[in-house]
Amino acid sequence: MSTSIDLKEFRGAYLAEVGEHLSLSNAKMLEIEDSLKRGQASFRAIRELFRLLHTIKGLSAMVGVDTIVTLAHRMEAILRRADQRTMELSLDAVEPLFHGLRAIQEVVVALSKGRPIDPPSNVLIARLEAVEAHGKPASESPGGERVLDLEPALDAKLARFEREQLINADREGRRVVRIDFVPSPKKAELGFTINSVRERLGSIAEIVKVVPVAVPATEDAPGGLCFVLMLVTLAEDSELAAAVGGPEVQVRPLVHAPPPPAPDPAFSEIPGGSVDDDDLHARNVLRVDVQRVDEAMERLAALIVSRSRLTRVLDDVAQVDGALGRELKSIVEESGRQLRDLRASILRIRTVRFAEILARLPLVVRGLRRSSGKDVTLATDAGDAELDKSVAERLFPALIHLVRNAIDHGIELPDERERSGKPRQGTLTVSATVLANREISVQVSDDGAGVDREAVARQLGGVVPEADDGLLNALCRAGLSTRRVATTGSGRGMGMDIVKKIVVDQLGGTLSLANHPGKGAIFTLRVPLTVAIVDAFVVRLKEDKFVVPVVSVEDIVEVIPGAAVRGATPYGLVALMAWRGTSVPLVELATLFGMTPVADSTAVRHGVIVRRGSERVGFVLDRVLSQQEAVIRPLVDPLVQVPGISGSTDLGDGKSTLVLDLSALAHALLTHGRYGEPN
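Each chain carries its own residue numbering, running from 1 in the written order of its sequence. Thresholds applied to this predicted model are a pLDDT of at least 70 for local features of residues and 80 or more for the giving and counting of side-chain atom pairs; totals over whole chains, interfaces and linings are not thresholded and use all residues. The basis for every side-chain value is the complete set of non-hydrogen atoms in the structure, without hydrogens or water.

Participant: Help me understand the overall build of the protein chain, please; the structure alone is not making it clear to me.
Facilitator: Numbering of helices and strands starts at the N terminus; helices are DSSP runs of H or I of at least 4 residues and strands are runs of E of at least 2. When helices and strands are tallied, the protein chain shows 22 helices and 24 strands. When accessible area is computed with a 1.4 Å probe and restricted to protein chains, residues below 20% of their type maximum are described as buried, those above 50% as exposed, and intermediate ones as partly exposed. Here the protein chain, with 679 residues, has 46% of them falling under the buried criterion. We call two residues in contact when some of their heavy atoms are within 4.5 Å. By sequence separation, contacts in the protein chain at least 24 residues apart represent 70% of the contacts at least 6 residues apart. Split by element, the accessible area of the protein chain, about 33800 Å² in all, is 52% carbon and sulfur. Under the convention used here, a 1.4 Å probe and the Shrake-Rupley method define accessible areas, while residue burial counts only the protein chains that appear.

Right, here's the structure in full:
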C-alpha cells in the first residue's frame, strides 16, 4: 500500500498556521527590541519567540519548505543561546533577526502565489551565524564581516571549523579560492584526474575541502560529475589553472564582504497582522478558508434575490386572493427576519477585529522611524471595533499611506520639535470607532507641524482654499507633493490620491481633514463595515429604478415646489433648501444624468441629502420607494465604470439595477461646481 501523501492538500492550512505564528513572532521581536532599548532582556519574549520559530520550523519540515527550515533553525539557535544565558543578546542583533523573519515572510508569500522558492541568502545566514557566535552581527567584530560565496547546498557541506579556516585565511591576507574540476576521458588521457589534480594543487595550496556534486551530463561532463575544490593559497591563478588542466579553468574568489543590508523601509511592506498571544489562545478559534465563507455569502446573496422575487409575486397573489396573500406575506416576513439573522451570522464569520489590522502598523512605523531619523511613538486604539475582512484588507493600504505621510511630512525632526517647545518624540495615533449607522470611523492624527498650506499652494501654482475640505481636495490631486525629492517613504504625490480612491471610490466612504498648523493634522475616514450585502433605498427617477446604500444617506426630505430659493454659493448661483438650520444646495439628478426633469412643477418629490466632508448636497429625484437588502456587484468592466455608479444589484425582477454613489457625485459637484438645478 502506498504511503505517499499529497502535501499540496495541506498547503493552505500550513500557510495560515505559519502566517499566524509569523505575525506573533514579529510582535515578540518588537517586544524584545523595546526591552533591549531599555537596557533589559525580556527572556519571556525570547523564549516565546523561540517556541514560535520552533513551531514554524517543524511545520515547514513536514511540507518540505527547506528554506524556512534553515532560516528558522539559525534564528532558533540564537534565541536558545540567549535564553540559556550563554550569550548576551545585543540590540545590534535585532536587525538580522528582523531580516530573518522578513525572509520567512517572503517565502510564505511566494508559496501562496505559487512562485518558486529561492534558497536562503548566504549573506543573511552568515549574519545570523555571527550573531549566534558573538551576540551581534559580524560587522561589529574585529576584522569586519566576511562571508563565503557558496551555494547553500555546498555551504551545508562545510563543517564549522572548515568555514572558520577559510574566513580566517582571508582575514590573514591569503587567497581563498574555488576551482571546479570536471573529470572526463579526454582529460584523463592528458593526465588530469581528480587524484592527480589534488596532488598538484596540494603542492601549491592548502586544500580545505573537496565536494563532489552532480551536474547535467554533457559532452564536456560525460560522467555528470564535478569536484568543487576550496583552497587557501598564495599561488597565482595561472599556476592553479595549470595544475587543474589549462588556462580555461576558472579560479574564483571564495570570500567577500557582504552587500549592505536592505533598507529598513522594506519592513513597512511586510504583510500580516499580529494579535495578542493570550487572546489568541484564550479564544476557541476555528480556522476556515475565506473562500468557503465567500461561497456561503454567494448562497446568501442568491437567497436574498429570491426573496425579493417572492415579494414581487406576493403582491400579485394578494390582488387575486387577499387571505392567501396575507398568509404568504406573514411567511415571507418571517423568512426575511431569518435571512437577516443568517446574514448577520455569516458577516460575523467574515468579521475581523480592527485591532488585528492595526497590529501590523508598529512594524511599519519602526521602518519609517529608522529611515526618516524621526523619533515617533505610535498609539493605537481600536476598542472592540470589528469589520468585514474584505473592507479591512482594502482599507489597510490607505492607513499605510496616511501613516507614512504623517511621519515623512507632518512630524518634525527631534531638534526642530524641541525648538518649537514640543517633546522630542512625536506621537502618531490611530483610533477607530464603530458608528450607529454601520460605519466605522478611523482617525489618523499626529502632533506634528500640520499640512503646509503655502507649500501646497506653491505646488498648485495658485491659492489653496482656506477651508480644510479645499485643502484636502488639493492634497488628493494625483502627482501633487510638497517634497521636492521623493524618498522611499513618500514624495511621489500618489499617496493621498490612493487614499481617496480606496476610501471614497472603492468603499463608498468619506475622507475629511482637520488641519492645525503647528499642532498637527487629523485625517478621518468613514467607511461601511461591509460592502457585499447592504441595506439600501430603492428610488425612482423617471421610469428607472436605482439603489442608494443607506449608509451614504444623511436624510430624506420632501422637496416642496416653490420652497427652494436661489442663492449665492462658492459654486455660483444655485437652488437652496432650508435644512436643520442651514441651507443645502439642491441638484436635479435627472439633469445630471442627461434626462428631462419632471414636467409637473407642482409634484412633491424626494430629496436625498448626502454629506461630503463638512458640506451637504441634496439630490432631487421622483420618489424613494422602499428600503431593502441589496447584493452589490461591482462593475469590473472599465468601459462601464463611471463616476457616481458604484455597482449593480438585482431587486428580484431579474433586471440589473444600478447602485448610485451619491457621495462621489457630491464630490464631483463640490469640486467642479456643476449643478442641475430643480424646477
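Participant: What is the right way to look at the packing of helix α3 (residues 66-83) against helix α5 (residues 122-134) in this model?
Facilitator: Packed helices, taken two at a time, are described by their axes: the angle between them and the distance between them. Packing of α3 against α5 brings their axes to within 9 Å, and their N-to-C directions diverge by 15°. The orientation of α3 relative to α5 falls into the category roughly parallel. Crossing of α3 over α5 shows left-handed handedness. Every residue of α5 that contacts α3 at T70, L71, R74, M75, A77, I78 and R81 is listed here: L124, I125, L128, E129, V131, E132 and A133. Three classes are used, and their members are as follows: Ala, Val, Leu, Ile, Met, Phe, Trp, Tyr, Cys and Pro are nonpolar, Asp, Glu, Lys and Arg are charged, and the others, Gly among them, are polar. Counted by class, the contact of α3 with α5 contains 9 nonpolar, 1 polar and 4 charged residues. Comment: axis = line fitted to C-alpha atoms, over the contacting stretch for helices; angle = value between 0 and 180 degrees taken between N-to-C directions. Comment on the angle field: the value is read as roughly parallel under 35 degrees, roughly antiparallel over 145, roughly perpendicular from 65 to 115, and oblique elsewhere. Throughout, a crossing is termed right-handed when the near helix is turned clockwise from the far one, and left-handed when it is turned anticlockwise from it by less than a right angle.

Participant: So what exactly am I meant to see when it comes to the sheet that holds strand β3 (residues 205-214) here?
Facilitator: The strands that make up a sheet are held in pairs by hydrogen bonds between backbone atoms, and each pair lies either parallel or antiparallel. When DSSP finds at least two bridges between two strands, those strands are taken to pair. Overall, antiparallel pairing links the 4 strands, which are arranged β3-β4-β2-β5 in an open sheet. The two strands at the open ends of the sheet, each matched to only one other strand, are β3 and β5 (251-253). This sheet shows a mean twist of 25° between the axes of neighbouring strands, independent of strand direction. Bridge count between strand β2 (residues 175-181) and β5: 3 bridges; the pairing is antiparallel. Looking across to β5, one finds that R178 is bridged to R252. Helix α7 (residues 160-171) contacts β2, β3 and β4 (225-233) of the sheet and is inclined by roughly 130° relative to β3. In the packing of helix α9 (residues 194-202) onto the sheet, the strands contacted are β2, β3 and β4, and the crossing angle to β3 comes to about 155°.

Participant: Just checking my understanding: could you explain helix α15 (residues 361-372) for this structure?
Facilitator: Residues three or four positions apart in an α-helix share a direction because the helix packs 3.6 residues into each turn. A helix is expected to span 1.5 Å multiplied by its residue count minus one. Here α15 spans 16 Å end to end across 12 residues, near enough to the 16 Å set by a 1.5 Å rise per residue. Tucked into the core, α15 has its buried residues touching α1 (11-37), α4 (94-112), α14 (354-358), β8 (376-381), α16 (389-410) and β10 (426-434). Phi for G373, located one or two positions after α15, is positive at around 75°.

Participant: Mind showing me how you'd approach the pattern of salt bridges here?
Facilitator: As a working rule, side chains carrying opposite charge can pair if their charged atoms are close by. Salt bridge, as applied in this entry: a Lys or Arg side-chain nitrogen positioned within 4 Å of an Asp or Glu carboxyl oxygen. With the rule as written, the count across this model stands at 35 salt bridges. The salt bridge partner of R175 is D237, with a shortest N-O separation of 2.4 Å. Residue R175 is located in strand β2, and its partner D237 is located in helix α10 (residues 237-244); the two are separated by 62 residues in the primary sequence. Residue D468 pairs with R453 through a salt bridge whose shortest N-O separation is 3.5 Å. Of this pair, D468 sits in helix α19 (residues 468-475) while R453 sits in helix α18 (residues 453-460), placing them 15 residues apart in sequence. Accessibility expressed as a relative area gives 22% for D468, which makes it partly exposed.

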